[in-house]
Amino acid sequence: MRQSAISYPPQWHNNLKFHSCCYKSTDSHAHLHSQSQPYVLHHRCVVISLYKASLPPKFSPPTSILLRRTRTRAGIANRVEGETEDLIQPICSSSFSSSGSHCFIPLKTMMAIDQHVLWAFFASLFGFVLLYSLRRWNCSNANKKQLKKKSFPEECAKQSFSDGESRPLEGSGTDVIIVGAGVAGAALAYTLGKDGRRVHVIERDLTEPDRIVGELLQPGGYLKLIELGLEDCVEEIDAQRVVGYALFKDGKNARLSYPLEKFHSDVAGRSFHNGRFIQRMREKAATLPNVQLEQGTVTSLLEGNGTIKGVQYKTKDGQELKAYAPLTIVCDGCFSNLRRSLCNPKVDVPSCFVGLVLENCELPFANHGHVILADPSPILFYPISSTEVRCLVDVPGQKLPSVAKGEMANYLKTVVAPQIPAELKEAFISAVDKGNIRTMPNRSMPADPLPTPGALLMGDAFNMRHPLTGGGMTVALSDIVVLRDLLKPLRDLNDAPSLSKYLESFYTLRKPVASTINTLAGALYKVFSSSPDQARKEMRQACFDYLSLGGIFSTGPVALLSGLNPRPLNLVLHFFAVAIYGVGRLLLPFPSPKGMWIGARLISSASSIIFPIIKAEGVRQMFFPATVSAYYRAPPIKQDIQKDMAEIK
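In the annotation of an unreviewed UniProt entry, the entry for the chain reads squalene monooxygenase, and the organism field reads Juglans regia. UniProt lists a comment for the chain under the heading Catalytic activity (unreviewed entry), and it reads "squalene + reduced [NADPH--hemoprotein reductase] + O2 = (S)-2,3-epoxysqualene + oxidized [NADPH--hemoprotein reductase] + H2O + H(+)". Here the chain is described in UniProt, under the heading Cofactor (unreviewed entry), as follows: "FAD".

1. Considerations on the sheet that holds strand 15 (residues 269-271)
One open sheet holds the 3 strands; their spatial order is 11-15-12, and the pairing between them is antiparallel. Pairing within the sheet leaves two strands with one partner each, and these edge strands are strand 11 (216-217) and strand 12 (240-242). Pairing of strand 11 with strand 15 involves 2 bridges; the strand directions are antiparallel. Within strand 15, the position partnered with L216 by the bridge is S271.

2. Remarks on the packing of aromatic side chains
This structure, assessed with the given rule, holds 10 aromatic pairs. Where Y245 meets Y258, the ring centres are 6.2 Å apart and the plane angle is 85°; that geometry is what we call edge-to-face. Note that Y245 is positioned in strand 13 (residues 244-249) and Y258 in the loop between strand 14 (252-257) and strand 15, a separation of 13 residues in sequence. Given the relative accessible area of 4%, Y258 is considered buried. Geometrically, the ring pair formed by F462 and Y507 is tilted, given 5.6 Å between the ring centres and 55° between the ring planes. Of this pair, F462 sits in the loop between strand 25 (455-457) and helix 8 (472-487) while Y507 sits in helix 9 (residues 496-509), and the two are 45 residues apart along the sequence. Of the residues examined, Y507 reaches a relative accessible area of 13% and is grouped as buried. An aromatic cluster of at least three residues, connected via ring pairs, comprises F462, F506 and Y507.

3. Digging into the pattern of salt bridges
Enumeration over the complete set of coordinates arrives at 19 salt bridges. With a closest N to O distance of 2.8 Å, K284 and D232 form a salt bridge. On the criterion of sequence distance, the pair formed by K284 in helix 5 (residues 274-286) and D232 in the loop between helix 4 (219-228) and strand 12 is long-range, its members being 52 residues apart. A salt bridge links D250 to K249; the nearest nitrogen and oxygen atoms lie 2.8 Å apart. Overall, the relative accessible area of 10% leaves K249 in the buried class. Counted as one network, the salt bridges with shared partners bring together K224, E227, R484 and D485.

4. Remarks on the nonpolar core
Counting 128 residues, the largest nonpolar core has F277 and I329 as its most contacted members. Looking at this core, the element that brings in the most residues is helix 8, giving 9 residues. Those residues within four positions of F277 in sequence are excluded, and the remaining contacts are V183, L225, C233, V234, I237, F272 and M473. One finds L358, C391, L424 and A431 within the second-largest nonpolar core, a separate group that totals 28 residues.

5. Points about the pairing of strand 17 (residues 307-315)
Pairing geometry for strand 16 (residues 291-304) and strand 17, over 8 bridges, is antiparallel. Within strand 17, the position partnered with T297 by the bridge is K314. In textbook terms, the turn of a hairpin is the stretch between consecutive antiparallel strands, and for strand 16 and strand 17 this stretch comprises 2 residues, one of which, N305, has a positive phi near 55°. Both strand 17 and strand 18 (residues 320-324) contribute to a ladder of 5 bridges, which runs antiparallel. Counterpart to G310 in the pairing with strand 18 is Y324. Connecting strand 17 to the next strand, strand 18, in antiparallel fashion are 4 residues, including G318 with a positive phi near 90°.

Thresholds applied
- Residues numbered from 1 in each chain as written.
- Predicted model: local features only at pLDDT ≥ 70, side-chain atom pairs only at ≥ 80, totals over all residues.
- Heavy atoms only, no water.
- UniProt positions renumbered as here; feature names shortened; annotations may be inferred.
- Pairing = 2+ DSSP bridges.
- Helix = DSSP H or I, 4+ residues; strand = E, 2+ residues; numbered from the N terminus.
- Phe/Tyr/Trp six-rings, centres within 6.5 Å; stacked < 30°, edge-to-face > 60°.
- Buried < 20%, exposed > 50% of the residue type's maximum accessible area, 1.4 Å probe, protein only.
- Salt bridge = Lys/Arg side-chain N within 4 Å of Asp/Glu carboxyl O.
- Core = buried A, V, L, I, M, F, W, Y, C linked by side-chain atoms within 4.5 Å.
- Contact = heavy atoms within 4.5 Å.

Now the structure itself:
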């Protein structure tokens, strides 16, 4: 660094006192010249103090003065050549030296400069901090106001399209990973793919499934199928129309028809082979270029910083791979091994189904499902093709007679067969003798999600109910419609925390329909099952008699069961109407103490059946969803089934 010095004329020597430098320099030291020479001080290392003696009088410097680098303690450097300083008047001398003329700035002037600069520096710093704080505060308030005005989907859907469908971002990869390609997974893949999402479906086995449940689609589920554009999936699989139910008890029967008068003639229930239906939906989903179906077993979810980033899976040939997407939807069924990290699973197994296929037989009521109120629990019959009838025998508990040892065949022939209508008994015994007996545990699990950024649960992996009423597929398809409407306004799914908070509305919006079907299934199973308790017996008989009345007494409950009018309040009203009807039967024509006692126990029994189920489903979400804050995170999307049906007509 070039040395910079300040020289002083000899006539000023007596007026100055110099102190040695406290700053030690490695390259040079401040020094004092002899009395015959001007004092030369190192500008970084000398403190100058003035005596009280008066300084030389001020004089005008020559116009051709040269000011060498002159620094104050604040470190201000001025180099002015060929002109005088206007703001600070220096004291100069025309001493003859090789360096030219020299100037000296008095200490008081230097101190004034230092203080002004220092205060200016602090004032500037304070102003900067103040302005920065005000800017942050204004931005924060603006963001809050904007969040109040705009919802998450409006922020994401910054580019709109004339057809209302969302589009994946240019150059992006997979938008959604779907684990499982059953009824829920395959239908969801087609729905999201049709809306422009890039979907990657990973299914453990893409061959046709062979199950004994998931074979009856209620009319409400068929309407959802129409809404999703999948109604043709029940074609060309020999599916059978179902227009109602027939109840059998103690040699009596009652036919209950679906209230389909207001709908198109094509609207009805459908029964079929579950595997054929699923394959049709998989094939339709695979026709979309942005839907990829891959066979593989998902072993785990990939998580980072509390957000699900994708999945790790093993391909058919054993290769370990990873797939990433902003949203992972788990639909891997009732045996899900991924649900534990996404919900609080409280699985109950009240009974098991024993399945048989009866061939070349006719049901007492064509195109009806048949429910026999047998002992100890109900028996179901419904057609699954033009030549086959499915029989499901409910066996309470989890311990079943051994199929391999022949105990199951003996149980079916000796306990079940005598309670079956005569028209079906021979075909039933023949099916037992063929030995193709299948079993399936009946699971019930209320929805209790753990909202997790980047992931969502659906289908039987998320929510199950007793399959007695055949409402599982209706709930799954209804959930897909809700999710589709929620995701449709969103263009970008990459903001995982905001998306997770927004999709909490899904769990609230699905509740009225899902909880009604779930509660009805659980309550009916308990009512239809036999019990040694006299009050439960009276409730069972009252239910059969109430439904046999016809009119509103049958159409109301059947509309609930079919998913055509899944309203929680209607369910509770009809359920306790059955209980009150049972009490009335006990008190007529004349009340007795025994009748009154049993009637009171009947009301208590009815309450003990339905209230725990409602509590598990969530009273507030089921009956008062509008009081849940998450309800208002959803966009105001109208779902008008009647309008869709008008278009079909």
